[in-house]
Amino acid sequence: KAGVTQTPRYLIKTRGQQVTLSCSPISGHRSVSWYQQTPGQGLQFLFEYFSETQRNKGNFPGRFSGRQFSNSRSEMNVSTLELGDSALYLCASSFTAASNIQYFGAGTRLSVL
Amino acid sequence: SQELEQSPQSLIVQEGKNLTINCTSSKTLYGLYWYKQKYGEGLIFLMMLQKGGEEKSHEKITAKLDEKKQQSSLHITASQPSHAGIYLCGADVDDKIIFGKGTRLHILP
């Protein structure tokens, strides 16, 4: 069974640009959660999607958004990038709700210059 | 809001030695997860604990949740280079998982 796949693995953008990250969950998993990981703040919850609906949201500005498609694949978008958005973005999938055991992808390393 | 504090933040251990990592919650834990992360990569699920006093083991790693369900410990016996990485504890809070900041483990050969 294939694991969680995140693309791209690395990304370099400049301030003000926007970026879209993609996540393909494990086959059969319907919940996808997104996290931001930085050295200072650690791993922070962005949002969770379940059956194409945002089920839960963390404390991030509206520049961070996401969506989920009917095949459970999810995308995360960050608009008007800031230097502080440089981070490792991790996606995790679970069979049902986000509070079950989550399986993580390898992440997308975003650098904002 | 509930917070998870991990200690120590960093640990350097000689290969073959035992070690313990702690995770303390400000509130009662209803689901506690342990994950391992290799530098710059995704998290690998290790164990989940739900009941007070519960203890689980996988290979040389044992995790416990105390009776009051506010603290968990992760113990590694006879550490090996493959144990190096970042260990994170996570807890079920308001239908999402919050994580501690992690314990960085280095194993010296």
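Details of the structure are given in the entry above.
A. Spotlight on the overall build of chain A. Secondary structure assignment for chain A yields zero helices and 11 strands. Sequence-ordered secondary structure for chain A, helices as α and strands as β, is β-β-β-β-β-β-β-β-β-β-β. Projected onto its principal axes, the C-alpha positions of chain A cover 35 × 25 × 25 Å. A total of 113 residues make up chain A; the buried ones form 50% of that total. Counting only contacts in chain A whose residues sit at least 6 apart along the sequence, the fraction spanning at least 24 positions is 55%. Summed over its atoms, the accessible surface of chain A is roughly 5,200 Å², and 49% of this surface lies on carbon and sulfur atoms. Chain A carries 11 positive and 5 negative side-chain charges, and their two centres are separated by 5 Å.

B. View of the environment of A:N71. Its place among the elements puts A:N71 in the loop between β7 (64-68) and β8 (74-78). Along the chain, A:N71 and A:L11 lie 60 residues apart, while their C-alpha atoms are 25 Å from each other.

C. Up close: the packing of aromatic side chains. In this structure the tally under the stated criterion is nine aromatic pairs over all chains. For the pair A:Y35 and B:F99, a centre-to-centre distance of 5.6 Å together with 80° between the ring planes defines the contact as edge-to-face. Of this pair, A:Y35 sits in strand β4 (residues 31-38) while B:F99 sits in strand β10 (residues 96-99), which puts the two residues in different chains. For the pair shown, A:Y35 and B:F99 are each scored as buried. Both rings, one in A:F104 and one in B:Y35, keep their centres 5.4 Å apart while their planes meet at 80°; by these two values the pair is edge-to-face. Here A:F104 is found in strand β10 (residues 103-104), whereas its partner B:Y35 is found in strand β4 (residues 32-37) on a different chain. The residues A:F104 and B:Y35 share a single accessibility class, namely buried. By way of ring pairs, the aromatic residues A:Y35, A:F45, A:F104, B:Y35, B:F45 and B:F99 are connected into one cluster.

D. How the structure looks around the environment of B:A63. Residues and elements named next belong to chain B. One can find A63 in strand β7 (residues 61-65). Separated by 13 residues in sequence, A63 and I76 have C-alpha atoms that sit 8.9 Å apart. With residues up to four places along the chain from it excluded, the contact list for A63 reads W34, M47, L49, E54, E55, K56, S73 and L74.

E. A look at the state of the cysteines. For the coordinates displayed, the defined rule picks out two disulfides over all chains. Between A:C23 and A:C91 runs a disulfide, and the two sulfur atoms are separated by 1.7 Å. Between A:C23 and A:C91 the disulfide shows an S-S torsion of about -40°. By sign, it is left-handed. Placement of A:C23 in strand β3 (residues 19-24) and of A:C91 in strand β9 (residues 87-94) is noted, with a sequence separation of 68 residues between them. When sorted by exposure, A:C23 lands in the same class as A:C91, which is buried. Disulfide pairing is shown between B:C23 and B:C89; the S-S distance is 2.1 Å.

F. How the structure looks around the pattern of salt bridges. Applying the stated criterion across every chain yields a total of eight salt bridges over all chains. A salt bridge links A:R63 to A:D85, with the nearest nitrogen and oxygen atoms 2.8 Å apart. Residue A:R63 is found in the loop between β6 (53-57) and β7, and its partner A:D85 is found in the loop between β8 and β9; the two are separated by 22 residues along the sequence. Assessed through its relative accessible area of 16%, A:R63 is described here as buried. Take A:D85: its relative accessible area is 3%, and that puts it in the buried class. A salt bridge links B:E54 to B:K56; the nearest nitrogen and oxygen atoms lie 3.7 Å apart. With relative accessibility at 32%, the residue B:K56 sits in the partly exposed group. Several salt bridges share partner residues, and in doing so they unite A:E48, A:R55 and B:D95 into one network.

So, how was this worked out
- Residues numbered from 1 in each chain as written.
- Chains lettered and ligands numbered in written order.
- Predicted model: local features only at pLDDT ≥ 70, side-chain atom pairs only at ≥ 80, totals over all residues.
- Heavy atoms only, no water.
- Helix = DSSP H or I, 4+ residues; strand = E, 2+ residues; numbered from the N terminus.
- Buried < 20%, exposed > 50% of the residue type's maximum accessible area, 1.4 Å probe, protein only.
- Contact = heavy atoms within 4.5 Å.
- Areas by Shrake-Rupley, 256 points an atom, 1.4 Å probe, with all protein chains shown as cover.
- Lys, Arg positive; Asp, Glu negative; His and termini not counted.
- Charge placed at Lys NZ, Arg CZ, Asp CG, Glu CD.
- Phe/Tyr/Trp six-rings, centres within 6.5 Å; stacked < 30°, edge-to-face > 60°.
- Disulfide = S-S within 2.5 Å.
- Salt bridge = Lys/Arg side-chain N within 4 Å of Asp/Glu carboxyl O.

None of this, on its own, says anything about what the molecule does.
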